[in-house]
Amino acid sequence: MSEDEDPKTIFIESDDEFFEELSDYLDALSNPTRLKILKSIEKKPKDVREISYDIGISYENTKKHIQKLHLAGVIKKETGLSGRKSKGVHPVWKYSIMPGGLDSIFKNLQIFGDINLIPNSQVFENKIKDLKAKLSEELTTENPVIFIVGGPEDGTAYPINAGKIRIGRSNSDQTYLQEKGDIVFSEFYGAVSRITKPHCYIHKEASSWYIEDVASTGGTYLNDKLLEKEIRYELSDGDVIELSRGARSGRFIFSNPKSE
């Protein structure tokens with residue numbers, strides 16, 4: 001890797017089909033009405049009429065927006081029953097966000113944002129940045145989120161709600177006392193230090209977030225750089241953190257769109 005290369009950047013070869021699908025995905029999410037639809041079905045599946053009532057637009061327009069989201073693979077539909085009316089209940093399509101929900105959408109955007117897209121990279125980068133800002137404004141809280149990448153917990157999201165968070169691997173005997181906000185990787189991630197002696201901490205100081213390796217055996221890497229132990233390093237939106245190296249390491253993305 002050259003000195004000028006960003007360690008967070010992933011280079012991929014041109015793939016017209018991939019870019020076409022990515023463009024459709026971003027376009028489907030960028031419309032403000034579609035963001036309202038996602039918010040409407042975030043907690044509970046709903047049919048078109050219920051969604052139309054929630055967001056305050058016509059049934060026909062709501063249906064068109066839902067079709068765009070469905071074709072982009074953002075939401076799914078399953079059979080259900082309508083609410084009870086004077087004529088009874090009847091079968092309807094119920095729509096919900098795909099597994100992983102809004103957290104999964106954020107993870108996808110975070111990963112896409114770390115890819116050096118070829119061709120037309122600037123066009124996609126601007127779309128992704130704008131969409132992350134819209135999603136942050138419409139759908140998220142003030143707190144950052146950690147997304148696990150790789151292994152059986154790939155895509156799992158942990159909102160960071162405490163001022164100091166321990167991160168480590170679970171104990172098979174489950175004898176440790178879990179503290180509020182702990183982020184605990186499963187036993188699969190064997191290279192990660194146990195939570196009883198955390199691999200690392202994430203701290204909040206004023207309006208900034210920091211990561212600190214707690215004398216772990218395998219080390220902590222921030223954007224491919226090995227961190228000195230027991231030293232705090234400031235985190236930025238999109239940072240990639242690795243807990244140790246190898247097949248059983250832990251890897252996650254720090255997402256904090258509010259900081260941009």
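Residues numbered from 1 in each chain as written. Predicted model: local features only at pLDDT ≥ 70, side-chain atom pairs only at ≥ 80, totals over all residues. Heavy atoms only, no water.

As annotated in an unreviewed UniProt entry, the protein chain carries the name FHA domain-containing protein and comes from Methanochimaera problematica.

Draft legend 1. Geometry of a negative patch on the surface. A cluster of like negative charges, contributed by Glu-17, Glu-20, Glu-21 and Asp-24, occupies part of the molecular surface. Positionally, Glu-20 belongs in helix H1 (residues 16–30). (Patch = residues over 30% accessible without salt bridge, like charges linked within 9 Å, V, L, I, M, F, W, Y side chains within 5 Å. Areas by Shrake-Rupley, 256 points an atom, 1.4 Å probe, with all protein chains shown as cover. Salt bridge = Lys/Arg side-chain N within 4 Å of Asp/Glu carboxyl O. Lys, Arg positive; Asp, Glu negative; His and termini not counted. Charge placed at Lys NZ, Arg CZ, Asp CG, Glu CD. Helix = DSSP H or I, 4+ residues; strand = E, 2+ residues; numbered from the N terminus.)

Draft legend 2. Local environment of the packing of helix H3 (residues 48–55) against helix H4 (residues 59–71). Where H3 contacts H4, the two axes come as close as 9 Å, and the packing angle between them is 105 degrees. The angle between H3 and H4 falls in the class roughly perpendicular. Of the residues in H4, those in contact with Val-48, Arg-49, Ile-51, Ser-52 and Ile-55 of H3 are Tyr-59, Thr-62, Lys-63 and Ile-66. Counted by class, the contact of H3 with H4 contains five nonpolar, two polar and two charged residues. (Axes fitted to C-alpha atoms, helices over the stretch in contact; angles between N-to-C directions. Parallel < 35°, antiparallel > 145°, perpendicular 65-115°, else oblique. Contact = heavy atoms within 4.5 Å. Nonpolar A, V, L, I, M, F, W, Y, C, P; charged D, E, K, R; others polar.)

Draft legend 3. Representation of the environment of Val-48. Position of Val-48 among the secondary structure elements: in helix H3. What Val-48 contacts, discounting residues up to four positions off in sequence, is Tyr-59, Thr-62, Lys-63, Ile-66, Trp-93 and Tyr-95.

Draft legend 4. Representation of the sheet that holds strand S6 (residues 157–159) in the model. Ordered by their spatial adjacency, six strands build an open sheet running S6-S5-S15-S14-S11-S12, and the pairing between neighbours is antiparallel. Since the sheet does not close on itself, it has two edges, and those belong to S6 and strand S12 (225–226), each with one partner. With four bridges connecting them, strand S5 (residues 145–148) and strand S15 (residues 250–255) associate as antiparallel partners. The residue of S15 that forms the bridge with Phe-147 is Ile-253. (Pairing = 2+ DSSP bridges.)

Draft legend 5. Region of interest: the pattern of salt bridges. Using the criterion set out here, one finds 11 salt bridges in the structure. Lys-94 is the partner of Glu-50 in a salt bridge, and the nearest nitrogen-oxygen pair spans 3.2 Å. Residue Glu-50 is found in helix H3, and its partner Lys-94 is found in strand S3 (residues 91–97); the two are separated by 44 residues along the sequence. The residue Arg-232 makes a salt bridge to Glu-212 at a minimum N-O spacing of 3.5 Å. Here the residue Arg-232 occupies a position in strand S13 (residues 232–234), and Glu-212 occupies one in strand S10 (residues 208–213), the gap between them amounting to 20 residues. Residue classification places Arg-232 among the partly exposed residues on the basis of a relative accessible area of 39%. In this structure, a network of salt bridges that share partners links the residues Arg-169, Glu-187 and Arg-194. (Buried < 20%, exposed > 50% of the residue type's maximum accessible area, 1.4 Å probe, protein only.)

Draft legend 6. A look at the packing of aromatic side chains. The full count for this structure, using the stated rule, is three aromatic pairs. Ring-pair connections join several aromatic residues into one group, and the members of that group are Phe-185, Phe-188, Tyr-189 and Phe-252. One Lys or Arg, Arg-49, reaches over the ring of Tyr-59 and ends 4.4 Å from the middle of that ring. Positioned above the aromatic ring of Tyr-201 is the side chain of Lys-164, whose terminal nitrogen or guanidinium carbon lies 4.3 Å from the ring centre. (Phe/Tyr/Trp six-rings, centres within 6.5 Å; stacked < 30°, edge-to-face > 60°. Lys NZ or Arg CZ within 6 Å of the ring centre and 35° of its normal.)

Draft legend 7. Local environment of H4. The terminal C-alpha atoms of H4, which comprises 13 residues, lie 18 Å apart, in line with the 18 Å expected from a rise of 1.5 Å per residue. Along H4, the positions that sit buried rather than exposed are Thr-62, His-65, Ile-66 and Leu-69. Angularly, the buried residues of H4 cover 100 degrees about the axis, an arc narrow enough to put them on a single face. Exposed residues on H4 whose side chains face more than 90 degrees from its buried face are Lys-64 and Leu-71. The first or second residue beyond H4 is Gly-73, which carries a positive phi of 80 degrees. (Expected span 1.5 Å × (residues − 1). Arc of directions from axis to C-beta.)

Draft legend 8. Spatial organisation of the sheet that holds strand S7 (residues 164–169). What the five strands build is an open sheet, ordered S8-S7-S9-S10-S13; its pairing is mixed. Sheet topology places strand S8 (183–185) and S13 at the edges, where each strand pairs with a single neighbour. Here the average twist between neighbouring strands, direction ignored, is 20 degrees.

Draft legend 9. Geometry of the pairing of S5. Every second residue of S5 is oriented toward a common face, with Val-145 and Phe-147 on one face and Ile-146 and Ile-148 on the other, all of them buried. In the sheet, S5 pairs with S6 via three bridges, with the strands oriented antiparallel. Pairing of Ile-146 across the sheet is with Tyr-158, part of S6.

Draft legend 10. Representation of helix H2 (residues 32–40) within the structure. For H2, every residue scored as buried is listed here: Arg-34, Leu-35, Ile-37, Leu-38 and Ser-40. For H2, the capping residue at the N-terminal end is Asn-31, with a side-chain oxygen 2.8 Å from the backbone nitrogen of Thr-33. (Polar contact = N/O pair within 3.5 Å; in protein donor to acceptor, adjacent residues only side chain to side chain.)

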